[in-house]
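# Structural overview
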Amino acid sequence: MAGEEVVLKIRRFDPSLDERPRVEAFAVPLKEGMTVLDALIYVKSRLDHGLAVRFSCRMASCGSCGMKIDGRARLACETQISSLPRGAVAVEPMDNFPIVRDLVVDLERFFARHAAAMPGLVRERDPEEQESPTGEYLMAPGELESFVQFTYCIKCGLCSSSCPTASTDALFPGPQALSQAYRFLADPRDEGEERRLERVDAEHGVWRCHFAGTCSAVCPKGVDPALGIQLLKRHVMSARSPFGRKKRRGAPVFPNPNGDLLGQP
Amino acid sequence: MRESTLMQMQYVTAVLAVLLVGVHLLMQGVLVPYGEAVSFQRVLSVYRDAVDGALLEILLVVVLAHGFNGLRTILIEWRQTPSWTRGVNWAVLVAALATMAYGTRTVILAATGQVS
Ligand code: SF4
Ligand code: FES
């Protein structure tokens, strides 16, 4: 390891200056346990301060450092150089997003789609309960199981960057937003079903997924957005059909006998 | 029409098409020898039989509904402007109805002995 180097071949592009992207190679001294993000930080601090790269937590939690590494969408902070094939490492910005500069992509539309999936509980009968909770919503463990994996999403965008439909259909919400739509439709506490269905049961909505499955293959948190989309299709069909199995909606509030949610009398 | 309604139709017509094409192929070479099955007079007699003629008409409608809706899906994924989507929806509907009408005309002419 000592004295060894890894070469990063980084795609550089500044849309305000460059006509087309170019690839620049940087040799980085290798350290044990080094991640691609560590190597990029070395490049930025020692070799080229102008390199644009986005990161924050460095522990696969914030979802900031999504990029394409050796042709596959990954989080740079959890990709060990030693886990990659030997030789130069190709580092590129994520596909399916406009490039801000170098490895930084514009996630505005991605987050707008997440917001359009209404990522929060909708309560019609007791909207004030969410502002001033008086207890807990009752939910069976099995009901939680049906959607809990989708709550692990860190909104890194890797799934949407790998989705072939997202790359050809500009109006397709993408696997992240669709699986979040399912996450709330499957939640027995939610009462916003009709509004949610209107958003996903559309010409460029859930039915445009052809189940390539690349989203699930690249998700760094073990979420299976492709499964979420298939479950969403089933949910839409059941909800729309007079014979379909309907989900329980509007789980009741169970008053907390110990006072407020912090247990204060 | 809702997209989920169209998808339901797509799934139902897919299953029906497999069944009906299966029956059709059985009659075109398995239960009835191929050479005999495609002779002009035998084909006409199929149209004139009420059950076989009705099955042919259902096969026509099912396959056209499935095929044209599939084509619509490909086209609306190809470009994504609202006007294109609207135009494709209408164009495909008109083309599907026109093709169904033409095919139905053939079934009726053959079934009522106006082709000989
Ligand atoms: S589903 Fe997975 S890949 Fe997609 S945004 Fe969430 S964490 Fe990232
Ligand atoms: S820096 Fe936060 S996920 Fe990589």
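For the structure given in this document, a descriptive report is provided here. Values in this document were obtained by computation on a predicted structure and should not be read as measured data.

A word on the pairing of strand β1 (residues 5-12) of chain A. All names here are of chain A. Residues of β1 alternate between two faces, with Val6, Leu8, Ile10 and Arg12 buried on one and Glu5, Val7, Lys9 and Arg11 left unburied on the opposite face. In this structure, β1 lies alongside strand β2 (residues 22-29), joined through eight bridges in antiparallel fashion. Across the sheet, the residue bridging to Arg12 is Arg22, located in β2. Sheet topology note: the β1/strand β5 (residues 89-92) ladder contains three bridges and is parallel. Bridge pairing in β5 places Lys9 opposite Ala90.

Contact residues are listed per partner, giving 14 residues for chain B and 17 residues for chain A. Each partner contributes to the roughly 1300 Å² buried at the junction of chain B and chain A, and carbon and sulfur atoms together form 52% of this total. For the chain B face of the interface with chain A, the top three residues by lost area are Glu3, Glu77 and Gln80 of chain B, together amounting to 42%. Where chain B packs against chain A, one counts three salt bridges. The residue Glu3 of chain B makes a salt bridge to Arg208 of chain A at a minimum N-O spacing of 3.1 Å. Broken down by secondary-structure element, the contributors of at least two residues to the side of chain B that touches chain A are α1 (3-30), α4 (50-78) and α5 (82-111) of chain B. Tallying contributions element by element places α1 of chain B first for the side of chain B that touches chain A, with five residues. When the residues that make up the side of chain B that touches chain A are grouped by side-chain class, the tally is three nonpolar, six polar and five charged.

Attention now moves to the pattern of salt bridges. Residues and elements named next belong to chain A. For the structure shown, the criterion picks out 21 salt bridges over all chains. For Glu4, the salt bridge goes to Arg86, with nearest N and O atoms at 3.4 Å. Of the two residues, Glu4 is situated in the segment before β1 and Arg86 in the loop between β4 (72-75) and β5; the sequence distance between them amounts to 82 residues. Since its relative accessible area comes to 31%, Glu4 is described here as partly exposed. Of the charged contacts, one joins Glu194 and Arg240 as a salt bridge, the two residues approaching to 3.2 Å between their closest N and O atoms. Taken together, the residues span a long stretch of sequence, with Glu194 in helix α8 (residues 193-200) and Arg240 in helix α10 (residues 225-240) at a distance of 46 residues. You can call Glu194 partly exposed: its relative accessible area is 44%.

So, on to the packing of aromatic side chains. Counted according to the given criterion, the structure contains four aromatic pairs over all chains. Relative to Tyr182 of chain A, the ring of Phe150 of chain A lies with its centre 5.7 Å away and its plane at 85°, an arrangement referred to as edge-to-face. Separated by 32 residues along the polypeptide, Phe150 of chain A in the loop between α4 (141-145) and α5 (158-162) and Tyr182 of chain A in helix α7 (residues 174-185) bring together distant segments of the chain. Through a chain of ring-to-ring contacts, the aromatic side chains of Phe97, Phe110 and Phe111 of chain A assemble into a single cluster. Sitting over the face of the ring of Phe184 of chain A, Arg183 of chain A holds its NZ or CZ atom 3.9 Å from the ring centroid. Over the aromatic face of Trp84 of chain B sits the side chain of Arg79 of chain B, whose NZ or CZ is 4.8 Å from the ring centroid.

Our next topic: the nonpolar core. Residues and elements named next belong to chain A. By size, the foremost hydrophobic cluster in this structure holds 37 residues, and its most contacted members are Leu8, Ile10, Leu40 and Val91. Of all the secondary structure elements, the ones that give two or more residues to this core are β1, β2, α1 (36-47), β3 (66-69), β4 and β5. Split by domain, this core shows at least three residues from each of two domains, domain 1 (5-105) and domain 2 (108-239). Those residues within four positions of Leu40 in sequence are excluded, and the remaining contacts are Leu8, Ile10, Leu51, Val53, Met67, Ala76, Val91 and Leu103. By size, the runner-up hydrophobic cluster in this structure holds 25 residues, among which are Phe150, Leu178, Ala181 and Leu185.

Our next topic: helix α3 (residues 40-48) of chain B. Residues and elements named next belong to chain B. Among all positions in α3, only Leu44, Val46 and Tyr47 are buried. Angular distribution of buried residues about the axis of α3 spans 155°; they occupy a single face of the element. Against α4 and α5 lie the buried residues of α3.

Our next topic: the packing of α7 of chain A against α10 of chain A. Residue and element names in this part refer to chain A. Interaxial distance between α7 and α10 falls to 8 Å at its minimum, and their mutual angle equals 55°. As summarised for this structure, α7 and α10 are arranged oblique, according to the angle between their axes. Read as a crossing pair, α7 and α10 show a hand that is left-handed. Taken together, the residues of α10 that come into contact with α7 (itself represented by Pro175, Leu178, Ser179, Ala181, Tyr182 and Leu185) are Pro225, Gly228, Ile229, Leu231, Leu232 and His235. Of the residues belonging to the contact of α7 with α10, the class tally is nine nonpolar, three polar and no charged.

Cut-offs applied
- Residues numbered from 1 in each chain as written.
- Chains lettered and ligands numbered in written order.
- Predicted model: local features only at pLDDT ≥ 70, side-chain atom pairs only at ≥ 80, totals over all residues.
- Heavy atoms only, no water.
- Buried < 20%, exposed > 50% of the residue type's maximum accessible area, 1.4 Å probe, protein only.
- Helix = DSSP H or I, 4+ residues; strand = E, 2+ residues; numbered from the N terminus.
- Pairing = 2+ DSSP bridges.
- Contact = heavy atoms within 4.5 Å.
- Buried area = accessible area lost by both parts, 1.4 Å probe.
- Salt bridge = Lys/Arg side-chain N within 4 Å of Asp/Glu carboxyl O.
- Nonpolar A, V, L, I, M, F, W, Y, C, P; charged D, E, K, R; others polar.
- Phe/Tyr/Trp six-rings, centres within 6.5 Å; stacked < 30°, edge-to-face > 60°.
- Lys NZ or Arg CZ within 6 Å of the ring centre and 35° of its normal.
- Core = buried A, V, L, I, M, F, W, Y, C linked by side-chain atoms within 4.5 Å.
- Domains from an automatic or database assignment.
- Arc of directions from axis to C-beta.
- Axes fitted to C-alpha atoms, helices over the stretch in contact; angles between N-to-C directions.
- Parallel < 35°, antiparallel > 145°, perpendicular 65-115°, else oblique.
- Left-handed = near helix turned anticlockwise from the far one by under 90°.

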